[in-house]
Amino acid sequence: MFMDLARQKRKILVIEDDESHAELIRRGFSDCDSSYELTVADSLRTAQSEILSRSYDIVLTDYRLPDGDGRDIIAHAVDRFPVVLMTSHGNEQVAVEAMKSGALDYVVKKPETFDELPRIVERALREWDLMVEHRRAEKALEEQARVLAREVAERQKAQEALEQQTVLLKKEIAERRQAEATLRLSEEKFAKAFDNAPMIMAISSLDDGKIIDVNQVFLRLTNYRKEEVIGRTTVEIGLVTEEMRQRLMELIRQGDHVQGTETAVCLKNGTTLKCEYFIDQINVEGRPHLLTIALDLSERLKLEEQLRHSQKLEALGLLAGGVAHDFNNILTVIGGFCEMLKYSMGGDDPNRYKVEQVAAAADRAANLTRSLLAFGRKGEMQARPADLNDIVRGVEKFLIRIIGEDITLRTDLYHERLDVVVDSGQIEQVLMNLATNARDAMPRGGTLTLTTTLSLSPPLTVSPPHQKPPECFALLTVSDTGHGMTEETRTKIFDPFFTTKDRGKGTGLGLSIVYGIISQHNGLIDVESAPGRGTSFQIYLPISARASARPPVLAEVAPTPCTETILLAEDDPHVQDMMASILTQRGYDVIRASNGQEAVLKFAAHQDRIRLILMDIIMPVMNGKEASERILQINPEVKVLFTSGYTADVIKNRGDLQEGDNLLRKPVKASDLLTRIRETLDRQEPV
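Predicted, not measured: the structure shown is a model, and the values here were computed from it.

Observations concerning the packing of aromatic side chains
Item 1. What the rule picks out here adds up to 2 aromatic pairs.
Item 2. For the ring pair F29 and Y36, a centre distance of 5.4 Å and an interplane angle of 70° mean the geometry is edge-to-face.
Item 3. Its relative accessible area of 2% is what places F29 among the buried residues.
Item 4. On the basis of relative accessibility, which here comes to 11%, the residue Y36 falls in the buried class.
Item 5. On the basis of an interplanar angle of 90° and a centroid distance of 6.0 Å, the ring pair of F473 and Y540 is categorised as edge-to-face. In this pair, F473 is assigned in strand β17 (residues 473-480) and Y540 in strand β19 (residues 535-542), connecting sequence segments 67 residues apart.

Considering the sheet that holds strand β8 (residues 200-205)
Item 1. In space, the 5 strands of this open sheet follow the order β9-β8-β12-β11-β10, with antiparallel pairing throughout. The two strands at the open ends of the sheet, each matched to only one other strand, are β9 (211-214) and β10 (257-266). Going across the sheet, the axis of each strand differs from the next one's by a mean of 30°, ignoring polarity.
Item 2. Note that β8 and strand β12 (residues 287-296) share 6 bridges and pair antiparallel.

Considerations on the sheet that holds strand β23 (residues 639-644)
Item 1. The sheet built from 5 strands is open, its strands ordered β21-β20-β22-β23-β24 with parallel pairing. Single-partner strands in this sheet number two, and they are β21 (589-593) and β24 (663-665). Direction aside, the axes of adjacent strands within the sheet are offset by 20° on average.
Item 2. In this structure, β23 lies alongside β24, joined through 3 bridges in parallel fashion.

Regarding unusual backbone geometry
Across residues other than glycine, the phi torsion is negative in most instances, and most of the peptide bonds are trans.
Item 1. In the Ramachandran plot, N223 falls in the positive-phi region, its phi being about 70° despite a non-glycine side chain.
Item 2. If you trace the backbone, N223 turns up in the loop between α8 (216-222) and α9 (226-229).
Item 3. Of note in this structure, V621 is not a glycine but carries a positive phi near 70°.
Item 4. If you trace the backbone, V621 turns up in the loop between β22 (610-616) and α19 (624-634).

Points about the packing of helix α2 (residues 19-28) against helix α6 (residues 111-160)
Item 1. Between α2 and α6, whose axes approach to 8 Å, the crossing angle comes to 50°. The angle between the axes of α2 and α6 places the two elements in the oblique class. Here α2 runs over α6; the crossing is right-handed. Residues H21, L24, I25 and G28 of α2 lie in contact with α6, whose contacting residues are F114, D115, L117 and P118.
Item 2. Residues that form the contact of α2 with α6 fall into these classes: 5 nonpolar, 2 polar and 1 charged.

Remarks on the pattern of salt bridges
Item 1. Going through the model one piece at a time under the given rule, you end up with 30 salt bridges.
Item 2. The partner of K109 in a salt bridge is E16, with the nearest N and O atoms 2.8 Å apart. Note that K109 is positioned in the loop between β7 (105-108) and α6 and E16 in the loop between β1 (10-15) and α2, a separation of 93 residues in sequence.
Item 3. When its relative accessible area of 2% is taken as the criterion, E16 is described as buried.
Item 4. A salt bridge links R417 to D387, with the nearest nitrogen and oxygen atoms 3.8 Å apart. Of the two residues, R417 is situated in the loop between β14 (407-412) and β15 (419-422) and D387 in strand β13 (residues 384-387); the sequence distance between them amounts to 30 residues.
Item 5. Here the salt bridges share partners, and the residues they tie into one network are E19, E23, R26 and R27.

Calculation notes
- Residues numbered from 1 in each chain as written.
- Predicted model: local features only at pLDDT ≥ 70, side-chain atom pairs only at ≥ 80, totals over all residues.
- Heavy atoms only, no water.
- Phe/Tyr/Trp six-rings, centres within 6.5 Å; stacked < 30°, edge-to-face > 60°.
- Buried < 20%, exposed > 50% of the residue type's maximum accessible area, 1.4 Å probe, protein only.
- Helix = DSSP H or I, 4+ residues; strand = E, 2+ residues; numbered from the N terminus.
- Pairing = 2+ DSSP bridges.
- Axes fitted to C-alpha atoms, helices over the stretch in contact; angles between N-to-C directions.
- Parallel < 35°, antiparallel > 145°, perpendicular 65-115°, else oblique.
- Left-handed = near helix turned anticlockwise from the far one by under 90°.
- Contact = heavy atoms within 4.5 Å.
- Nonpolar A, V, L, I, M, F, W, Y, C, P; charged D, E, K, R; others polar.
- Salt bridge = Lys/Arg side-chain N within 4 Å of Asp/Glu carboxyl O.

Have a look at this one:
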């Protein structure tokens, strides 16, 4: 049954009126389109027509539809196909109603749920097949019971015709026939349950351990024929070791049964299968035998491994989110003072280059933080129009330092602009991660080549199905002349924590971060490699029409003196000193506060002078949002500019920011800080 499921293409009807959700469902099945055929209906009426016109193996339906709800479709299902209900706003009551109405399963639509849909469907189809088989078995048993009842009734009628015989003979015949009928029915039930059970089952003699019967799952999983195992012990056919059999027999002697003992079973082809053993004593023809049940743990162990991986990813996200605030504050101080030093130096100052290198390193650290947050899904991508060629040129000197002197870096850039909308820092991080991998693949030196070109379409191997691709892509190729990799390794390189390096020399996250960044940019990534032939990564980024014009170059803030008074509320003393120095140097009068409560008190004392509140959102004693609300009660005309180094999800979960609030994210450069303050002060509020 399960082998047939793997061979034939299963038909899935998806009832979803939200096109974006329908597209996410299609993407969820993109890696297994050879196993499933998806049909999408956007209304209950369309779905009903589809069900009448053709047969489906399973239906995935939205809970709320424009012309009804998903439970209406269950009435059409009857015993024809399983129904899985989906909703964007799940709760316990909705789940109970869905299951009561006859749905086989109920899922809440989340990003990770769409990726899990193939496994959810596979599990639902397995459960449905088992339910159908169970119903068939029940009907067969009921039919046998009816036949037996008719036979008993007929025999009883025949027996009544013999009433002339002695009462003793009549009773003896009736009791014997009743006993035979009960025994036969019991044996038939056991035989059917034994042979059709979905786990390994075997019956063996308690005395010598020789097998007298096995079920179909035993034969299918072990690859043995029935005649190869009957009359032999599990040790003789190599299923378990003699040591393991003795251990199991010792457990039986101690408690008459074995309950949940895990052991490895050696199959005919030499592979092993992790199983959980349950053994109990039964009587067969009056002699003691052992009924052995072995549960295949492969799927459970796989799910446990996936759970461990997801927990690692969650831990990474929590770690990145936890350090982001403090790290961003540190980078704000470094970057801010670097810019102040740069402004104070002349263009020919020999130390200016050193200061610029420190500032560039701070920018790279900020980009790395954003990459980690993006990987842990706790940060926001800062996408802007950019030329892919400029990004490659800008990171080239850093790549040379990464790969070392024994590796040659070559670039072959497209002769025209390749305009894309990307987070340049994250694309630079992608290039640095790939360069690091290439360096490790060429321990004796080699060549790393970066190529950009225009591609009309990506190869079918990486194109998501059922999705209209952009008109053209910017193709970035990163190739090395290293030792390459096997096909088995190639298929796993984007898995989190997968690494071929020695313990302690690799985290297994570099290429996972690359894959996550490219996916967030709606891009595609493919890899070609073979042992001894090097490796080539192809990255496809959509060409954007709105990025076709060259982005404006922002000039440095003009050193025009400013005279306004600004209330600066910042709990980190180093960040506070840096921001106060920048503002004071520009001519602003700065009043400092270290928490929200102090800010409110100082504003009340100097409200006639203060034009702008520059305030961190999350501070001790009183947070920035609450402090700003109290200040606005004193003077509704004062301008407020919030700053924060916390991740977006932390601010959102705390409810400290609302739509329309003016927010400047850390780390922030001095020029950006001054520009934003000037814009806020000069902005005319609508009447």
